Structures are given as structure tokens and as C-alpha cells.
Amino acid sequence: MTSPRLTPEPTPTTTTSSRAAEPTSPSRPENAADAAMFDAIAVAQASIYGYGIVSAHSTPDLNYLVSSSMAAHRKEREQALAMLQARSVDAPLPAAGYELPIEVDNPTDAANLAVRMEEDSAVAWRAVVEQATVEEERAFAVGALSDTAVRAARWTRVLGTTPITVAFPGGSE
Amino acid sequence: MGVGGRCNGKMLHVPSPNPTVSRRRVLIGTAALALLGASVAACGSSEPPPEVDELAAQLDRARTDSQLATDAAAAARGDIVEALNAVASERSAHAQALIDELVRMRGTDAPTTTPSTTTEAPAAAPTVKDVIASLTQSADSATGLAAKMSGYRAGLLASIAASCTAAYEVALVPPGSA
């Protein structure tokens with residue numbers, strides 16, 4: 001749908017001595033439902049990182065939106081982690097650093113990055129909805145998809161473009 | 001946008017959980033029945049999946065919301081007009097996607113066309129509040145159904161629910177209060 005997401009950087013951006021034994025992230029599960037949840041967790045981790053960048057470049061009047069957005073991704077990640085853990089599936093670890101899909105130098109770039117991350121999140125949650133085999137998990141992902149669409153609308157309004165909503169968040173219809 | 005026929009303030013009142021049966025509902029109900037009938041005839045003894053009825057109800061809601069937003073836009077002034085038109089267009093796109101899925105479920109032919117225009121006397125135009133209330137119910141309904149269904153249908157309904165939610169929580173609420 002959109003361009004490249006935040007991708008984990010191949011090498012850590014910071015090199016501290018404690019990173020000598022960098023843990024390797026578990027590999028993506030084979031089971032489709034687990035894999036979708038695994039991906040959604042990875043996208044949430046990238047978004048939490050990305051909102052740090054958004055925060056650095058946003059104007060102070062948007063602090064409320066930055067912090068509520070980041071808090072939402074953190075909460076969703078925790079819930080998704082618990083669901084994978086309940087099935088004894090290993091979750092991805094956050095990367096040491098992420099490559100941004102766009103250069104972020106000012107408040108407009110920051111809002112664009114936020115919209116991009118919400119779009120990526122929508123794709124990830126929709127995949128969880130489609131692959132889930134348990135109603136409880138599907139319901140959780142349906143809620144997460146709506147929440148991400150609401151955040152995407154708020155950030156699009158910040159950009160001043162219209163319309164601020166899309167017909168199929170996370171979908172390609 | 002290609003939103004169905006005008007019906008001049010027909011669906012004034014936001015559909016309640018147990019709405020009185022409107023003419024449109026009857027029309028759509030009939031369409032759904034025709035659709036079921038065709039399916040039964042085509043497949044002999046095989047029963048149509050129960051999802052057909054549930055998706056047809058979602059289609060009904062999408063068309064109703066689209067018309068409601070169109071009527072509200074016609075009566076509104078200012079920035080909200082654009083937002084209402086966007087809602088009308090999105091709900092119309094939802095209707096089309098639901099039709100496409102109903103066609104896939106049933107096999108070949110398309111479900112019956114959009115409800116015909118009515119000739120009821122025009123009443124007071126719907127307001128943004130009416131649209132918000134209707135979208136809130138549509139979002140709830142699609143959210144519940146998405147969790148119950150699976151695969152692509154669940155995904156489609158989840159996206160529809162997300163779109164309705166973003167519309168009533170953000171797009172139709174003036175900046176500053178959202």
C-alpha cells in the first residue's frame with residue numbers, strides 16, 4: 001500500500017560494550033495466525049521507536065497527540081505479546097535502531113511519518129484480523145485497527161490534507 | 001460521487017437497534033430474499049451460508065449512511081460539507097465492496113441494484129449529529145460481525161468498522177474538540 005516501513009537497521013546504530021552479545025530475534029512463526037501477530041508486534045515496536053522521532057520534531061501543541069499515540073502502540077504491543085506468550089510463541093525483539101522511510105527534519109515530516117506508521121499498523125492489524133483463529137484475538141485486532149484509523153485521521157488533519165479518512169484502513173479494496 | 005438515488009431527507013432518524021421497518025429496509029430485505037432465492041435455485045439443495053444475510057444487512061447500513069451523509073451535506077454549510085461528502089463516498093465504497101463479496105459468495109450474478117428512489121414528501125434534512133449517530137451504530141455492528149467472521153470477510157468488515165469510527169470520532173468533529 002504505502003512505501004517502505006520503518007525497517008530494522010542491519011547493524012545497531014549504537015555500539016556499546018554491552019551489545020557485544022546482541023541477542024538474535026526469534027524467527028517468524030510458521031503458523032499464519034502467529035506470524036500475523038508477530039508482524040504486528042514488530043510494527044508496534046517500530047512505531048514506538050518512530051514516535052520518539054515524531055516527538056523530537058513536533059510542535060509542543062501536539063504533545064498530547066504524540067504521547068497518546070505512543071502510549072496506544074505500547075499498550076497494543078503488550079496485549080499482543082501476552083497473546084503470543086500464552087501460546088508459547090516467541091515474539092520479535094525490538095531492533096536496536098530503525099531506518100526511517102522518510103527524512104524527518106520538521107513538524108510536517110513528523111506528521112507524515114506518524115500517518116505512515118499508522119497506515120503500516122492498519123495493514124498489520126488487518127492481517128491479524130484475517131488470520132486469527134480465536135474470536136478473542138480477532139476482536140482485539142479489530143479494535144486495534146479502528147484505533148489506528150482514528151490516529152491516522154488525527155495526524156492527517158494535522159497535515160491539513162483532505163479527506164482525513166480512508167474507506168478501507170489497512171485494506172487494498 | 002455515485003451515491004444512490006436521492007431520497008430527500010428520508011432516513012431522518014438514525015436507525016435504532018430495533019428500527020421500525022422503513023420502506024427502504026423492506027426493499028433491501030426483498031433484495032436479500034431475491035438474492036437468497038436465486039442462490040438456492042442455482043445451487044439446488046445447498047443452503048446459502050448465513051453470512052449472506054449478515055453481509056446484506058451491512059450493505060443496507062452502508063447505503064443508508066451514504067444517503068444520510070449526502071442529504072446532510074446538501075443542507076450543511078462550511079468545512080463540514082467536505083467531510084460529509086467524504087463519508088458519503090466512503091460508505092458508498094463500502095457498499096460496493098460488500099456487493100463484490102456477496103457476488104463472490106453466491107457465485108455469478110450481481111445482487112439486485114440500489115434501492116429505487118422514493119417519492120416521499122421531503123422532511124427536515126438530516127444533521128451531522130444524525131450522521132454521527134448512524135455511523136456509531138454502523139461501526140459497532142461491523143465491529144461485532146468482524147470478530148465473528150473469519151478470513152477476508154472479517155478483514156473487510158474490520159476496515160469498514162475502522163473507517164466509520166475514524167469518521168464519527170474525528171472527521172465529523174470540528175478540529176479542537178476532537
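The present account deals with the structure reproduced in this document. This structure is a prediction, so every number in the text was calculated from the model and none was measured.

Helix length check: helix α3 (residues 80–106) of chain B (27 residues) gives 39 Å between terminal C-alpha atoms against 39 Å at 1.5 Å per residue, within 8%. Among the residues trailing α3(B), B:Gly107 stands out with phi positive, at a value near 115°.

With that settled, the discussion passes to the packing of helix α1 (residues 32–57) of chain A against helix α2 (residues 63–86) of chain A. All names here are of chain A. It is the contact of α1 with α2, at a shortest axis distance of 9 Å, that shows an interaxial angle of 155°. When the axis of α1 is compared with that of α2, the two are roughly antiparallel. You can see that α1 and α2 cross each other, and the crossing is left-handed. Residue-level contacts link Asp34, Met37, Phe38, Ala40, Ile41, Ala44, Gln45, Ser47, Ile48, Tyr51, Val54 and Ser55 of α1 to Val66, Ser69, Met70, His73, Arg74, Glu76, Arg77, Ala80, Leu81, Met83 and Leu84 of α2.

Frequently, the measure chosen for interface size is the accessible area removed from exposure when the parts meet. Between chain A and chain B, the contact holds 26 residues from the first and 28 residues from the second. Elements that contribute at least two residues to the side of chain A that touches chain B include exactly α3 (107–131) and α4 (135–159) of chain A. The element best represented in the side of chain A that touches chain B is α4(A), accounting for 12 residues. Its residues placed into classes, the side of chain A that touches chain B shows 14 nonpolar, 5 polar and 7 charged.

Moving on, we get to the environment of A:Ala44. All names here are of chain A. In this structure, Ala44 sits in helix α1. Along the sequence, Ala44 and Ser121 sit 77 residues apart, while their C-alpha atoms lie 7.0 Å from each other. Not counting chain neighbours up to four residues away, the residues in contact with Ala44 comprise His73, Glu76, Arg77 and Ala80.

The next subject is unusual backbone geometry. Omega for the bond connecting A:Thr162 with A:Pro163 falls within 30 degrees of zero, at -10°, which places this linkage in the cis form. With respect to the helices and strands, the residue A:Pro163 is situated in the segment after α4.

Next up on the list: α4(A). For α4(A), which comprises 25 residues, the first-to-last C-alpha distance of 36 Å matches the rise-based estimate of 36 Å (1.5 Å per residue) to within 8%. A positive backbone phi angle near 80° is found at A:Gly160, which sits one or two residues after α4(A).

Conventions and cut-offs
Residues numbered from 1 in each chain as written. Chains lettered and ligands numbered in written order. Predicted model: local features only at pLDDT ≥ 70, side-chain atom pairs only at ≥ 80, totals over all residues. Helix = DSSP H or I, 4+ residues; strand = E, 2+ residues; numbered from the N terminus. Expected span 1.5 Å × (residues − 1). Axes fitted to C-alpha atoms, helices over the stretch in contact; angles between N-to-C directions. Parallel < 35°, antiparallel > 145°, perpendicular 65-115°, else oblique. Left-handed = near helix turned anticlockwise from the far one by under 90°. Contact = placed C-beta atoms within 7 Å. Nonpolar A, V, L, I, M, F, W, Y, C, P; charged D, E, K, R; others polar.

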